[in-house]
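If you want the building blocks of each chain, they are given just below.
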Amino acid sequence: MKEKLFFNTSRKAANRLTEIFDFAWPTTIALWNLRWQVEGYVKVKPDVNQSELTSRFISGSSITGSTVRADLKKACIETSWEKQQNEFSKILLIEFCSLYEIWCEGIITELKASIDSKSLQFPTLQKSTQGIMSVLSSMTQHHSIMMEKAFYSFYLTNKKNSKNHINNLMKCYRYFKELRNSLVHSGNISKKSFKDAEANYSSLTATSLGVQELPEYKQNSDEDRINLSLRGVIGFGEIVLRMISTIDAELVKTTMAEKYLAEEWKKFYGDKPLTLSITEKKRNQQLVKSLKKLGLSTVPSSSYNDIELFMRSEKLIF
C-alpha cells in the first residue's frame, strides 16, 4: 500500500492491513467453492471415507503429515456457511484489534510520548476530558511550525484521512473492540462497557463515519455465542486504517515529530552531517532527494528555508 503516512509504525500497520484485505475475500471465496465441491463429490460417492475425501482435495497443496486433521464432511456439509463466516470473522476481528493496539504502542514509542497507549483507544464522549480528541489536543499543543509547513498539508491529502470523523471512527472501534474483548476474555457480552459501546455505535451512520458503508453489525444478546458479520468486520478493518492515517497526520505537526525526523535521518545517514552544495538550487534538490530516501514527501518550495534551518540546528547537514 502506497498510502501517505509519515511514521514507520504507520506504514507497517497499513501494509499489514493491505495483506489482510488481500487475503480475506479470496479465502472466503475459496472456502465457499470448497463447500459446494465437497458436497458435490459426496453426492456422487456417498460412502467416501474421510481419508479419501481429504486426499482428493489436498492433493498438490504440500499440506501433508500426521497433523492434518481435516474433516471435510463436517466442515463443508454439516457446518453451516453462516457459522463458518462467523468463525472467520472472529479471527479477523482479533487481528484488526491487535494491529491497532500494536500501532498505538509503536507510535508512542517513536514519538517518545509520555502517555498510555490505551488513551488512543477511546472516543471523547460528551462532557468528557478524556479520549482521542483530548489526547490529540494535548499532543499537538507542542506545535512545530516547520513540520506543519513542510509536511502536514501533504499528509492531510491521504485519501484515508478522516480528520472530521475521527471521534466517530473511535466509537466504531470501541464497539468492535468490546466484541473482541468478550470473545477473548469472558465470552459474556452483558457487561456495561459493551452495552455502552453498542449504544454509541448504533447512533452512527455511514455519513457520520465518512465512509460509503457503515460496518455491519448483528444484535447480540446475553447468549454465549457472539454473532459477527464478515462484511462488517472487514469494513471495520477499513475503519482502523482511517484512524491510523488520521492520527498519523495530526502528529506530524508536533515537536515530537521533529525529533523523530532527526533520529530517522541519523539512522539512515549516520551521525556525521551531510555536506550540501553552496548553490541554493542544488542544495534544495539535495534536501528533497535526501528526504525522499527516508520515505517522506516532497517538501514544498516555500518550506525549503525552514527545513534547512532545522537541519542545520540539529547538525544533520553542513
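Residues numbered from 1 in each chain as written. Predicted model: local features only at pLDDT ≥ 70, side-chain atom pairs only at ≥ 80, totals over all residues. Heavy atoms only, no water.

(A) Representation of the overall build of the protein chain. In terms of regular secondary structure, the protein chain is built from 13 helices and zero strands. Its helices and strands taken in sequence order, the protein chain reads α-α-α-α-α-α-α-α-α-α-α-α-α from the N to the C terminus. What you see for the protein chain is a C-alpha radius of gyration of 25 Å, clearly larger than the 20 Å of a compact globule of 318 residues, by over 25%. Considering only C-alpha atoms, the protein chain reaches an extent of 85 × 50 × 30 Å along its principal axes. A buried classification covers 46% of the 318 residues belonging to the protein chain. Across the protein chain, the fraction of contacts at a sequence separation of at least 24, relative to all contacts at a separation of at least 6, is 74%. As displayed, the protein chain has an accessible area near 17000 Å², and 52% of this comes from carbon and sulfur atoms. Taking the average place of the 45 positive charges on the side chains of the protein chain and the average place of its 35 negative ones, the gap between the two points comes to 5 Å. (Helix = DSSP H or I, 4+ residues; strand = E, 2+ residues; numbered from the N terminus. Rg over C-alpha atoms; globule rule 2.2 N^0.38 Å. Buried < 20%, exposed > 50% of the residue type's maximum accessible area, 1.4 Å probe, protein only. Contact = heavy atoms within 4.5 Å. Areas by Shrake-Rupley, 256 points an atom, 1.4 Å probe, with all protein chains shown as cover. Lys, Arg positive; Asp, Glu negative; His and termini not counted. Charge placed at Lys NZ, Arg CZ, Asp CG, Glu CD.)

(B) Geometry of the pattern of salt bridges. Evaluation of the coordinates by the stated rule reveals 18 salt bridges. Close ionic contact of Glu263 with Lys112 constitutes a salt bridge, the shortest N to O distance being 3.0 Å. Here Lys112 lies in the loop between α4 (81-111) and α5 (132-139) and Glu263 lies in helix α11 (residues 255-269), a separation of 151 residues in the sequence. Given the relative accessible area of 31%, Glu263 is considered partly exposed. (Salt bridge = Lys/Arg side-chain N within 4 Å of Asp/Glu carboxyl O.)

(C) Region of interest: the side chain of Lys177. Note on placement: Lys177 falls in helix α7 (residues 166-186). Using a relative accessible area of 6% as the deciding quantity, one classes Lys177 as buried. Those residues in contact with Lys177, other than ones at most four positions away along the chain, are Cys97, Glu101 and Gln121.

(D) Structural view of α5. Of all the residues in α5, the buried ones are Ile132, Val135, Leu136 and Met139. Seen end-on, α5 carries its buried residues on one side only, within an arc spanning 95°. (Arc of directions from axis to C-beta.)

(E) Spotlight on the side chain of Glu178. Looking at where Glu178 falls in the secondary structure, it is placed in helix α7. Not counting chain neighbours up to four residues away, the residues in contact with Glu178 comprise Ser193, Phe194 and Ala197.

Scope: geometric values only; no functional claims are made or implied.
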